[in-house]
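Spelled out, the chains give:
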Amino acid sequence: MIKLPPHDLDVVLLDTKGAELPVEVLKKNRYIGRSVTRLEDFPLVTGRACFVGDVSIPNQLHMRVVRSSVAYGRITSIDIDEALKAPGVVAVWSAADIAEVPPIPFRATKVQGLLPYRQPVLAREFVRYVGEPVAVVFADDAYRAEDAAELVAVDIDILPPIVEVLDEPREFEPGYLTEPIVLRKGYGDVDAAMAQAHKVVELELSIGRHSGIPLETRGALARYDQARDHLELYGAAKRPHWNRDQLAEMLGRSPSSIDLFENHVGGGFGIRGELYPEDVLVCIGALRLQRPVKWIEDRREHMMTANQSRQQTHRIKAAVDAEGRILGIDEQLFHDQGAYVRTHGARVADMTIGLLLGPYRVPAYRAAGHFRLTNKTPAATYRSPGRFEGSFVRERLMDAIGNTLGIKLIEVRRRNLIGKEEMPYNRHLDALETEVVLDSGDYAGLLDKALAAANWEELQK
C-alpha cells in the first residue's frame, strides 16, 4: 500500500506486512504516488499545437457535406446541376457516384445479425436521421463549397419516424426489423427467486441521450501521392491502426499503402475514435480527384452527426428477502441505437447488461437487451460505455430496496456486497465476449473509507 505523510512531499512505500520498503525499491518506483510532469502540455499552452484544422496542403480542395433535413424518408431525387455550375466547384457526388464503396464495417464482434444495419457512406434510397450525409461538394475554397452545397436540391418523401425506443419494431428494410437482436445473459433460477421473495421491487428507469462536445470538432485531410501510390489521412484519433485497416478494406487497397496521422486532438471522449463517413469521403476524393481534400466539421454538424450514446430504458425488478438481501434480478433493457449500427456494433448494450451487477452478490440473474434502431443520430461508445448506464440502474435499484424495506441505504448495500474472502469472484457472465471475473477487492473496506473521507454522518445532518 502507499502511505502519504502529512506534508505530502514524499512517499513511503510499504510492503504487504506494513514494513517500509528499502531505498532501492523506492528508486525503482519513483513515479508511484508522485506528481509527474506532463510532457504534452508545452505545445498546447504556447500555441504551437497542430490540430487537423492547422494542416493545409498546396492545391487542396475543401469538402462540404449535404445533409438530410428530415429524420426519415425516401429519397426521390438529388439535383446537383446548379451546384456543379457554382464558382470553384470541382465535383459533386451522391451515393450513385460511389456505389462500389461498401457500408462502414464493425470492429471485431461475435454478435450476429447486424450487417444489414451498417451505415453507408452516403445515403442510399432512404435517409434515416437529421444530418445524414446525402451528397458531397468539392471546391477550391471552403466558403465556395458551403455555398455550392446550398444549391444541391434533395427531394425526400417524408415518412413517419421512430422516436421512442419502446415503440413496436417496424420494418427497416424488406426482411429486417428495427430490432435486429435481443442480447440475453444470465444464470440461476430467477423465477424461483421471485416466487420465494419477501418483496419484489420494480423500477422503470430512463437515461437521456449524451454526446461529447470537444473544443475541436472533427476534421480530416487526405492526400494521395500518385508516384508512390500512397494515401495519407490527417486527423485520425484514438484508433488509427484499426481505422487504417478498415479504410484499406473499403477502398480495396493494401493497409501498407495508407498512413493515418494523429495530430493534437482538442477533446476525444470516445466519439472521436470511430470511422465516420466523412473520413472515407475525403479519402475517395483525394484518390479520384488527384488533389488533397480537407473537411472541417462545424459545430452544428457536430451536434447532429457525431456519435451519441447512453439513451436507454430499463425495466428491472429485484427479489429480496426480509433483510434486503438480493435473491435475484430480472432486467429488461431497451437500447436506443439510433439510425444505424456504427463501428462499435452492440458493445454498449452488451456491456450494460454484462456489468450491471457491479460489486453485489446476486444469486440469480436474467437480462434481455433489446437492441433497437430509431430515427436519431447513431449511437456508439462514449466515456465508460455500459458501466455508466449499468451503475446508474443498479444503484437506483439499491436505493429502492432500502426505501421499500425501511433499511438505511448504506446498510442495504453493505448486506449485499461481495466479501473480500470470496475473491476472485466469477460472475458467470460475459461482457465484450470476455468472462466477467472480479479478481480482487475489499468492497466493504472501501465503502468504509469513502464514508470516512466524506464525513458521511455530518453530511446526513
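Secondary structure summary: the chain contains 13 helices and 23 strands in total. Taken along the three principal axes of its C-alpha coordinates, the chain extends 75 × 60 × 45 Å. About 22500 Å² of surface is accessible on the chain, with carbon and sulfur atoms providing 52% of the total. One finds the centroid of the 58 positive side-chain charges in the chain at a distance of 4 Å from the centroid of its 66 negative side-chain charges.

Here we take up the confidence of the model for the chain. Averaged over all residues, the pLDDT of the chain equals 93, while 94% of them reach at least 70. Overall, residues 1–9 carries pLDDT values under 50, and its contacts beyond four positions in sequence, including any with other chains, amount to 15 contacts.

Because each turn of an α-helix spans 3.6 residues, side chains separated by three or four positions end up pointing in the same direction. Taking 1.5 Å of rise per residue, the 12 residues of helix α6 (residues 240–251) would be expected to cover 16 Å, and the 16 Å separating its terminal C-alpha atoms lies within 8% of that figure. All of the buried residues along α6 are P240, W242, N243, Q246, L247, A248, M250 and L251. Turning to α6, the residues buried within the fold contact β15 (230–234), β16 (258–261) and α7 (277–289). Two residues or fewer past α6, G252 is found with a positive phi of approximately 70°.

Moving on, we get to the packing of aromatic side chains. Evaluation of the coordinates by the stated rule reveals 8 aromatic pairs. For the pair Y187 and Y365, a centre-to-centre distance of 6.3 Å together with 50° between the ring planes defines the contact as tilted. Of this pair, Y187 sits in strand β11 (residues 181–187) while Y365 sits in strand β21 (residues 365–372); the two residues are 178 residues apart in sequence, bridging distant segments of the chain. Positioned over the ring face of F388 is R310, at 4.0 Å from the centre of the ring.

Strand order in the open sheet made by the 3 strands is β6-β4-β8, with antiparallel pairing throughout. The open sheet has two edge strands, β6 (126–127) and β8 (153–158), and neither has a second partner.

We now examine the sheet that holds strand β19 (residues 312–320). Reading across the sheet, the 5 strands line up as β11-β21-β20-β19-β12 and stay open at both edges, with mixed pairing between neighbours. Of all the strands in the sheet, the pair left with one neighbour each is β11 and β12 (199–207). Within this sheet the neighbouring strands show an average axis-to-axis angle of 10°, counted without direction. Sheet analysis places β12 next to β19, joined by 9 bridges and oriented antiparallel. Looking at β19, one finds that I207 is bridged to Q312. Seen against the sheet, helix α10 (residues 387–405) touches β12, β19 and β20 (326–336) and runs at an angle of roughly 145° to β12.

Moving on: the nonpolar core. In globular proteins that are soluble, nonpolar side chains generally tend to be buried together. Formed by 51 residues in total, the largest nonpolar core has its most connected members in I329, L357, Y365, F371 and I401. Examining the composition of this core, we find that 6 residues originate from one element, α10, more than from any other. Filtering out sequence-adjacent residues up to four positions away, I401 remains in contact with V201, A318, V320, G324, I326 and V412. Of all hydrophobic cores here, the second largest spans 36 residues; its members include W93, F138, L233 and L281.

Relative to strand β23 (residues 434–438), strand β22 (residues 425–431) is paired through 4 bridges, and the arrangement is antiparallel. Following the sheet pairing, A431 is matched in β23 by T434.

So, on to helix α9 (residues 347–355). Counting buried residues in α9 gives 7 out of 9 residues, a clear majority hidden from the surface. For α9, the complete set of buried residues consists of V348, A349, D350, M351, T352, I353 and G354.

Turning next to the pattern of salt bridges. Taken as a whole, this structure holds 39 salt bridges when the rule is applied. Notably, a salt bridge pairs K185 with D430, separated by 3.0 Å at the nearest N-O pair. Residue K185 is located in strand β11, and its partner D430 is located in strand β22; the two are separated by 245 residues in the primary sequence. When its relative accessible area of 12% is taken as the criterion, K185 is described as buried. Using a relative accessible area of 32% as the deciding quantity, one classes D430 as partly exposed. One salt bridge in this structure joins R228 and E232, with 3.6 Å as the shortest N-O distance. The network of salt bridges with shared partners includes R64, R67, E146, R218, E278, E297, D298 and E301.

This next bit is on the side chain of D279. Within the secondary structure, D279 is located in helix α7. Despite being buried, D279 has no salt bridge partner; R218 is the closest side chain of opposite charge, sitting 5.5 Å away. From its side chain, D279 meets the backbone nitrogen of Y276 in a polar contact 2.9 Å long. With near-sequence residues (within four places) excluded, D279 lies in contact with A220, L233, L247 and E274.

Quick look at the packing of α9 against α10 now. Where α9 meets α10, the closest approach of the two axes is 8 Å, and the angle between their N-to-C directions is 40°. Relative to α10, α9 is oriented oblique. Judged by the sense of rotation from one axis to the other, the crossing of α9 with α10 is right-handed. Residue-level contacts link V348, M351, T352 and L355 of α9 to R387, E389, G390 and R394 of α10. Here the contact of α9 with α10 is composed, by residue class, of 3 nonpolar, 2 polar and 3 charged.

Right, let's get into unusual backbone geometry. Looking along the chain, the bond that leaves M423 and enters P424 is cis, with omega of -5°. Among the secondary structure elements, P424 is positioned in the loop between α11 (409–416) and β22. Residue N59 is not a glycine yet carries a positive backbone phi of 70°. In this fold, N59 is placed in the loop between α2 (41–45) and β3 (61–67). Positive phi values are uncommon outside glycine, yet Q290 reaches one of about 60°. Its place among the elements puts Q290 in the loop between α7 and β17 (293–296).

Rules used in this analysis
- Residues numbered from 1 in each chain as written.
- Predicted model: local features only at pLDDT ≥ 70, side-chain atom pairs only at ≥ 80, totals over all residues.
- Heavy atoms only, no water.
- Helix = DSSP H or I, 4+ residues; strand = E, 2+ residues; numbered from the N terminus.
- Areas by Shrake-Rupley, 256 points an atom, 1.4 Å probe, with all protein chains shown as cover.
- Lys, Arg positive; Asp, Glu negative; His and termini not counted.
- Charge placed at Lys NZ, Arg CZ, Asp CG, Glu CD.
- pLDDT = per-residue confidence, 0-100.
- Contact = heavy atoms within 4.5 Å.
- Expected span 1.5 Å × (residues − 1).
- Buried < 20%, exposed > 50% of the residue type's maximum accessible area, 1.4 Å probe, protein only.
- Phe/Tyr/Trp six-rings, centres within 6.5 Å; stacked < 30°, edge-to-face > 60°.
- Lys NZ or Arg CZ within 6 Å of the ring centre and 35° of its normal.
- Pairing = 2+ DSSP bridges.
- Axes fitted to C-alpha atoms, helices over the stretch in contact; angles between N-to-C directions.
- Core = buried A, V, L, I, M, F, W, Y, C linked by side-chain atoms within 4.5 Å.
- Salt bridge = Lys/Arg side-chain N within 4 Å of Asp/Glu carboxyl O.
- Polar contact = N/O pair within 3.5 Å; in protein donor to acceptor, adjacent residues only side chain to side chain.
- Parallel < 35°, antiparallel > 145°, perpendicular 65-115°, else oblique.
- Left-handed = near helix turned anticlockwise from the far one by under 90°.
- Nonpolar A, V, L, I, M, F, W, Y, C, P; charged D, E, K, R; others polar.

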